[in-house]
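Read off the chains here:
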Amino acid sequence: MSVNQGEKFSLIDAVYAPIFRYFVAFDRYQNFGFSDRTPKVNAWREALLQRPSVQQAVAENYYDLLDEFLKKRNSFLAELIK
């Protein structure tokens, strides 16, 4: 993989990793199509989320905690959580 294809972790990766993690969470509730029209962004997302540093940035039960957070706030997304 060349540097231009994401070999090095950059500041922009650090910014987008949490956003991409939210997209994964929201796709668990319903297919919102976040990446349907952006295959390059989706490939970046997939590669970024495979990085150990990104995976270890949150607790193993991150998605469960996010579900609880959304449910407590009676959000629209909470209605979609099964």
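Reference entry: report on the structure contained in this document. (Residues numbered from 1 in each chain as written. Predicted model: local features only at pLDDT ≥ 70, side-chain atom pairs only at ≥ 80, totals over all residues. Heavy atoms only, no water.)

Moving on, we come to the nonpolar core. Within the largest apolar cluster, nine residues are counted, these being A25, F26, Y29, Y62, L66, L70, L77, L80 and I81. The set of elements that each furnish at least two residues to this core consists of α1 (11-29), α4 (62-72) and α5 (76-80). With sequence-adjacent residues up to four places away left out, L66 is seen in contact with Y22, A25 and Y29. (Core = buried A, V, L, I, M, F, W, Y, C linked by side-chain atoms within 4.5 Å. Buried < 20%, exposed > 50% of the residue type's maximum accessible area, 1.4 Å probe, protein only. Helix = DSSP H or I, 4+ residues; strand = E, 2+ residues; numbered from the N terminus. Contact = heavy atoms within 4.5 Å.)

Looking now at α1. The end-to-end C-alpha distance of α1, which contains 19 residues, comes to 29 Å, matching closely the 27 Å that a straight helix rising 1.5 Å per residue would cover. Where α1 bends most, the angle comes to about 30°, and this point is A17, followed within four residues by the proline P18. Along α1, the positions that sit buried rather than exposed are D13, A17, F20, R21, A25, F26 and Y29. Those residues of α1 that are buried are in contact with α2 (39-49), α3 (52-55), α4 and α5. (Expected span 1.5 Å × (residues − 1). Bend = angle between axes of the 7 residues up to and from the residue.)

Scanning all chains against the criterion turns up three salt bridges. Of the charged contacts, one joins D27 and R45 as a salt bridge, the two residues approaching to 3.8 Å between their closest N and O atoms. Separated by 18 residues along the polypeptide, D27 in helix α1 and R45 in helix α2 bring together distant segments of the chain. Residue class for D27 comes out partly exposed when judged on its relative accessible area of 28%. One salt bridge connects E46 with R45, and the closest N-O pair in it is separated by 3.5 Å. (Salt bridge = Lys/Arg side-chain N within 4 Å of Asp/Glu carboxyl O.)

In this structure, D13 sits in helix α1. Contacts of D13, omitting those with residues within four sequence positions, involve K8, W44 and L48.

Everything listed is a geometric property; what it means functionally is a separate question.
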